[in-house]
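Structure assessment
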Amino acid sequence: MAYRDEKLSEEKVFKDPVHRYVHVRERVIWDLIGTAEFQRLRRIKQLGTSYLTFHGAEHSRFNHSLGVYEIVRRIIENFQARPNWDQEERLLCLCAALLHDLGHGPFSHSFEKVYKLDHEDFTQAILLGDTEVNKVLSKVEKGFPKKVADVINKTYENKLVVSLISSQIDADRMDYLQRDAYFTGVSYGHFDMERILRVMRPMEDQVVVKESGMHAVEDYIMSRYQMYWQVYFHPVTRSAEVILTKILHRTKELYEEGYTFKLEPIHFLSFFSGQPTLKEYLALDESVVLYYFQTWMEEEDTVLSDLCHRFVNRRLFKYIEFNPNAQMNEWMELYKLFVKAGLNPDYYLVVDSSSDLPYDFYRPGEEGERLPIHLLQPNDELKELSRLSDIVESISGKKRTDHKLYFPLDRLEEMSNRSKTKKRIMEILFDKE
Amino acid sequence: MLENHAKLMQFFSSTDEIIGRKKLQKMIYILKKCEIPFEERYQFHFYGPYSEELTLRVEEMCNLGFVSETREEKKNYYQYRYRLTDSGREFLTHYEMDLPPLNEHIDEMNGRSSRFLELVSTMLFFEHLPKEEIAEKVFTVKSAQNYTQEDIDEGWKFIKYLRSIH
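Residues numbered from 1 in each chain as written. Chains lettered and ligands numbered in written order. Predicted model: local features only at pLDDT ≥ 70, side-chain atom pairs only at ≥ 80, totals over all residues. Heavy atoms only, no water.

Another aspect to go through is the overall build of chain B. Across its full length, chain B carries eight helices and five strands. Starting at the N terminus and ending at the C terminus, chain B contains elements arranged as α-β-α-β-β-α-β-β-α-α-α-α-α. Split into buried and exposed, the 166 residues of chain B put 55% on the buried side. Of the roughly 7500 Å² that chain B leaves accessible, carbon and sulfur atoms contribute 44%. (Helix = DSSP H or I, 4+ residues; strand = E, 2+ residues; numbered from the N terminus. Buried < 20%, exposed > 50% of the residue type's maximum accessible area, 1.4 Å probe, protein only. Areas by Shrake-Rupley, 256 points an atom, 1.4 Å probe, with all protein chains shown as cover.)

Structure below.
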């Protein structure tokens, strides 16, 4: 029997708190799960620094990847024998679903920002390079790794296949919303996925939803909206993210200045000085990063040691709402006052915007922007969701941005009460002495 | 503060207005590919390279009053127009921007259709591939747009010209 068709002698199941069971029958999938690159995802948290806000949010990209695979498996089960669906694409879909997050690094959002990297490039490199994953995929057929890479890169010719993994109602989102809700313990993020899966229909170049399933989709969009504000945009998580980003900036800056670290940051050197190789990239997971943060708490550079201490021991920055347009003059004054107070404003006075976060809202879009969710009407016509749903329409028009100013209140409070600088800083920040 | 927003405001200040979100998305992507240091990250989507970060940043600038957005209803979609406001111009006076002048690039791109800019940005997305493979890839992922080899040749000429501006 060809490797691509090989089945395990017995179905394997993973117990899963979100989907109850993740079912694996294919030998290829089982082998992929066992590769070093996929197992590495156990050491990358799905929600980055959110565990400092929601103590349960310790789940990993490994859990999520299995979840996305399971959802796609169920969708395809429903698609069998429907028009527009090609069963020959099944294994490709399952592999792409399982491997779609393979290139994520430790705290990837901050790392990518500071070191100008893109995890999508590393996903491609893992799929196509000299890796265990590539060896498994190549056994299916010579061009198979490239096909999987194209699906994940969204450049595969069959757009229906792409839309299962990446569209505004895809398996990725359906898993992370439910999983993140479960592990953070919030009561948002729940929706009737079974219903959505039942009313999904394959079209030539996208997945659509029967109009009768509109209310289930509304619930999904509402969950998404609430999860952004309650979990993903949580100001305390953003504070941890701000500190993490500043640690990475500081270490890079010190390295470029020729600073001698007590413990040479060997795992970071290739990140400081350009493009890390795939091997170097894969060697840096969150356990390694946190080890460095622990050791950097003892560094002589007070900014670095202080920031690491804050991150490791959760002494986060405080924040206030901030309007960069109305408060531009205050910002400039604060910048000078922080210098006067001996606090480097480049590290201790930070404006964080919602666009600095990696999550997205539902967008009905204009022509040619991003493919919206389409409802299939009884007369076989397609209509964009917000044109039929008042709920989605009203959410789509809502203001969805905000800006916050982060600073170390503890350091300001330590200053003498007689200090005019402190007095003025407090006046600006809190409109009081 | 808001350095990436300021770069985008600099972009808007270099032209009277930008019509269409799709056009805006493709213009910033093409400028990035011309080594203009915009930081917005792009992924390939149904209609070519698209940046959610850019969309959200523009939304923020509109909410802050730095950029004005006008919505016009078309048959099956909405079309948006963007202009830098006086507040945006005032904000920019606080920044020393290291961006090169963008007027010429923008004028060139504004004079082209969004369909053509979609083609050019898609070609640039696959730029790491050999030229003949790029054409093949464009015909595959953009089959609905019915681009011709002449369109692609014109796209290369356009890219060469844009890159020769500075």
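An α-helix turns once every 3.6 residues. As a result, residues three or four positions apart point the same way. Residue and element names in this part refer to chain B. Here helix H2 (residues 21-33) contains 13 residues, and its C-alpha end-to-end distance of 19 Å stays within 8% of the 18 Å for a straight helix at 1.5 Å per residue. Along H2, eleven of the 13 residues are buried, which leaves the element largely enclosed by surrounding structure. By the burial criterion, the buried members of H2 are Arg21, Lys22, Lys23, Leu24, Gln25, Lys26, Met27, Ile28, Tyr29, Ile30 and Leu31. (Expected span 1.5 Å × (residues − 1).)

Examined against the element boundaries, A:Ser354 turns out to sit in the loop between strand E6 (350-353) and strand E7 (374-376). The sequence separation of A:Ser354 and A:Arg400 amounts to 46 residues, and the corresponding C-alpha distance is 8.1 Å. When sequence neighbours within four positions are dropped, the list of residues in contact with A:Ser354 reads A:Phe233, A:Arg238, A:Arg400, A:Thr401, A:Asp402, B:Leu56 and B:Glu60. A polar contact of 2.8 Å, which involves the side chain of A:Ser354, links it to the side chain of B:Glu60. (Contact = heavy atoms within 4.5 Å. Polar contact = N/O pair within 3.5 Å; in protein donor to acceptor, adjacent residues only side chain to side chain.)

Here we take up the interface of chain A and chain B. Tallying the contact residues gives 40 residues for chain A and 41 residues for chain B. Across the chain A to chain B interface the summed buried area is about 3900 Å²; carbon plus sulfur atoms make up 54%. Counting every contact that joins chain A to chain B gives three salt bridges. A salt bridge links B:Glu39 to A:Lys116, with the shortest nitrogen-to-oxygen separation between them at 3.4 Å. Seen at the junction of chain A and chain B, the total is eleven residue pairs in polar contact (both at pLDDT 80 or more). Looking at the side of chain A that touches chain B, the elements with two or more residues in it are helix H8 (144-153), helix H18 (328-340) and E6 of chain A. Partitioning the side of chain A that touches chain B into residue classes produces nine nonpolar, ten polar and 21 charged. (Buried area = accessible area lost by both parts, 1.4 Å probe. Salt bridge = Lys/Arg side-chain N within 4 Å of Asp/Glu carboxyl O. Nonpolar A, V, L, I, M, F, W, Y, C, P; charged D, E, K, R; others polar.)

This paragraph deals with the sheet that holds strand E4 (residues 67-73) of chain B. Residues and elements named next belong to chain B. Strand order across the open sheet formed by three strands is E1-E5-E4, with antiparallel pairing between neighbours. Among the strands making up the open sheet, the edge pair consists of strand E1 (18-19) and E4. Pairing geometry for E4 and strand E5 (residues 78-84), over seven bridges, is antiparallel. By the bridge assignment, Arg71 is partnered in E5 with Tyr80. Docked against the sheet, helix H1 (residues 3-13) engages E1, E4 and E5, running at close to 95° with respect to E5. (Pairing = 2+ DSSP bridges. Axes fitted to C-alpha atoms, helices over the stretch in contact; angles between N-to-C directions.)

With that settled, the discussion passes to the packing of helix H3 (residues 61-79) of chain A against helix H10 (residues 171-184) of chain A. All names here are of chain A. Closest axis-to-axis distance for the H3/H10 pair is 8 Å, and the angle between their directions is 125°. Relative to H10, the element H3 lies oblique. In this structure, H3 crosses over H10, and the sense of that crossing is right-handed. Contacts between H3 and H10 pair Asn63, His64, Gly67, Val68, Ile71, Val72 and Ile75 from the former with Ala171, Asp172, Met174, Asp175, Tyr176 and Arg179 from the latter. Partitioning the contact of H3 with H10 into residue classes produces seven nonpolar, three polar and three charged. (Parallel < 35°, antiparallel > 145°, perpendicular 65-115°, else oblique. Left-handed = near helix turned anticlockwise from the far one by under 90°.)

Turning to the domain arrangement of chain A, a few remarks are in order. Residue and element names in this part refer to chain A. Along its sequence, chain A is carved into domain 1 (3-233 + 362-396) and domain 2 (234-316). Once you take the C-alpha centre of each, domain 1 and domain 2 turn out to be 31 Å apart. Contacts between the two partners involve 32 residues from domain 1, matched on the other side by 29 residues from domain 2. Summed over both sides, the interface of domain 1 with domain 2 buries roughly 2800 Å², with 64% coming from carbon and sulfur. Along the contact surface separating domain 1 from domain 2 lie two salt bridges. Where domain 1 packs against domain 2, one counts 13 residue pairs in polar contact (both at pLDDT 80 or more). Among the elements of the structure, helix H5 (108-115), helix H6 (119-128) and helix H12 (214-232) are those that each provide at least two residues to the side of domain 1 that touches domain 2. Looking at which element gives the most residues to the side of domain 1 that touches domain 2, the answer is H5, with five residues. (Domains from an automatic or database assignment.)

A few words now on the side chain of A:Thr184. All names here are of chain A. In this structure, Thr184 sits in helix H10. A distance of 2.6 Å separates a polar side-chain atom of Thr184 from the backbone oxygen of Asp180. A polar side-chain atom of Thr184 sits 3.3 Å from the main-chain carbonyl oxygen of Ala181. In contact with Thr184, other than residues within four places in its own chain, are Leu47, Phe54, Ala57 and Val231.

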